[in-house]
There are 2 protein chains.
Amino acid sequence: MTQIQVYLAGPDVFLPDAAAHARAKIAICARYGLVGRAPAEAAALPNEDPWRGIFLADLRMMEECDIVIANLTPFRGPSADAGTLVELGWFLGRGRKVFGYSNSAVPFPARSIEQRRALPDPLPGLMEENFGLSDNLMVPGAVEYGGGLPIVLPPDGLSRRFDALDVFESCVAQAATSLHA
Amino acid sequence: MTQIQVYLAGPDVFLPDAAAHARAKIAICARYGLVGRAPAEAAALPNEDPWRGIFLADLRMMEECDIVIANLTPFRGPSADAGTLVELGWFLGRGRKVFGYSNSAVPFPARSIEQRRALPDPLPGLMEENFGLSDNLMVPGAVEYGGGLPIVLPPDGLSRRFDALDVFESCVAQAATSLHA
């Protein structure tokens, strides 16, 4: 039986030890019978500008994957990493299963207020989403509608280190169970 | 001939006068022969939690649209609005044309530095993309690969007001030309 290939989206690519971190995530996936694929390991396509080569290599890896497990931990702002969000939407648009987790236990409205205090909004009166979600509603919407499970958050309400992997493992376990159900 | 329906993604939904702003964008689209559809005008589906009703209404509107023209102006952070990015990825994943613009003339690396000065990174040593693009490479990648045109930026290198519409109009004009070419 062909094993399920999982695209490991996330700002993990920006970690100083991105390659080792990717291997740790792939090992966790393997324990749950899933084949993790990490964009950090995609070699940029040659004969392209560097950034276009990376984009096309990532897109090719996404095409080869059946599902995405996205690290939606906020990154440089109140929301998840920009590249990760494009990839999340891509999997939803492709009709492939979408799962996600976040190491932050702070709700999106509180993070948005923190952001606005540090760097004021460009115009007065810009509204805020106040649904008490973990990010802009399109993010939990894409995950719930795309994979059938909510975004996995720290179960004890305590934010984890940016590079912690216990919430990721919990997400992998839940995704594997739901895929084999 | 059926007219092309355009999903007008963007943080415009958070403007205090979102409905009037949406009508202005729809009027600009009409001048170029395109039918603009604004998520601000989608009524949340009943019998759902409020946020799920909005998500499903937006998703239904996206399904009805042929292309997306995304407002990628940075919003509360160095990158575009989170919901907009999910929608951008969705259109790319669906194989529908992707266009986008930004009212900011400040490159992504400079905005990332500003963000890190205001709110330090969660860990030391997190890398930065340094390609001199207008956002994380997945964003210009999705636009260029998805629609065939670069992200439309202020042509004079001067950032516009958050709610200015001249760069949007330029993007609509370029999209309409490329669609009819």
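Residues numbered from 1 in each chain as written. Chains lettered and ligands numbered in written order. Predicted model: local features only at pLDDT ≥ 70, side-chain atom pairs only at ≥ 80, totals over all residues. Heavy atoms only, no water.

Chemist: Let's hear about the nonpolar core: which residues, and what values?
Modeler: A general trend in soluble globular proteins is that nonpolar side chains are found buried together. Ranked by size, the top nonpolar core spans 55 residues in total, and within it L72, L85 and L88 of chain A together with L72, L85 and L88 of chain B carry the most contacts. Among the secondary structure elements, those contributing two or more residues to this core are α2 (50-64), β3 (67-71), α3 (82-94) and α5 (138-147) of chain A together with α2 (50-64), β3 (67-71), α3 (82-94) and α5 (138-147) of chain B. Look past the residues within four positions of L85 of chain B in its chain and what remains in contact with it is A82, L85 and V86 of chain A together with L72, A80 and V139 of chain B. (Core = buried A, V, L, I, M, F, W, Y, C linked by side-chain atoms within 4.5 Å. Buried < 20%, exposed > 50% of the residue type's maximum accessible area, 1.4 Å probe, protein only. Helix = DSSP H or I, 4+ residues; strand = E, 2+ residues; numbered from the N terminus. Contact = heavy atoms within 4.5 Å.)

Chemist: Which residues make up helix α6 (residues 166-180) of chain A, and what are the values?
Modeler: Residue and element names in this part refer to chain A. The end-to-end C-alpha distance of α6 is 21 Å, a good match for the 21 Å that 15 residues give at a rise of 1.5 Å each. Of the positions making up α6, those classed as buried are V167, F168, C171, V172, A175 and A176. Turning to α6, the residues buried within the fold contact α1 (18-31), β3 and β4 (97-101). (Expected span 1.5 Å × (residues − 1).)

Chemist: Pulling in residues and values, what's your account of the packing of aromatic side chains?
Modeler: Following the criterion strictly, the structure yields 12 aromatic pairs over all chains and no others. Arranged with centres 5.2 Å apart and planes meeting at 5 degrees, the rings of F14 of chain B and F75 of chain B form a pair that is stacked. Of the two residues, F14 of chain B is situated in the loop between β1 (5-7) and α1 (18-31) and F75 of chain B in the loop between β3 and α3; the sequence distance between them amounts to 61 residues. Side by side, F14 of chain B and F75 of chain B carry an identical accessibility label, which is buried. Positioned above the aromatic ring of F168 of chain A, the side-chain terminus of K25 of chain A is 4.6 Å from the ring centre. (Phe/Tyr/Trp six-rings, centres within 6.5 Å; stacked < 30°, edge-to-face > 60°. Lys NZ or Arg CZ within 6 Å of the ring centre and 35° of its normal.)

Chemist: Could you give an account of the interface of chain A and chain B, naming the residues involved and the relevant values?
Modeler: Contacts between the two partners involve 60 residues from chain A and, on the opposite side, 60 residues from chain B. Surface buried jointly by chain A and chain B totals about 5000 Å² across both partners, of which 73% is contributed by carbon and sulfur atoms. Its largest share of buried area at the contact with chain B, chain A owes to W51, R76 and M138 of chain A, together 17% of the area lost on that side. Scanning the region where chain A abuts chain B turns up four salt bridges. Between R52 of chain A and E144 of chain B there is a salt bridge whose closest N-O contact spans 3.0 Å. Linking chain A with chain B are 17 residue pairs in polar contact (both at pLDDT 80 or more). Counting only elements with at least two residues in the side of chain A that touches chain B, the list comes to α2, α3, α4 (108-118) and α5 of chain A. Classifying every residue of the side of chain A that touches chain B gives 35 nonpolar, 10 polar and 15 charged. (Buried area = accessible area lost by both parts, 1.4 Å probe. Salt bridge = Lys/Arg side-chain N within 4 Å of Asp/Glu carboxyl O. Polar contact = N/O pair within 3.5 Å; in protein donor to acceptor, adjacent residues only side chain to side chain. Nonpolar A, V, L, I, M, F, W, Y, C, P; charged D, E, K, R; others polar.)

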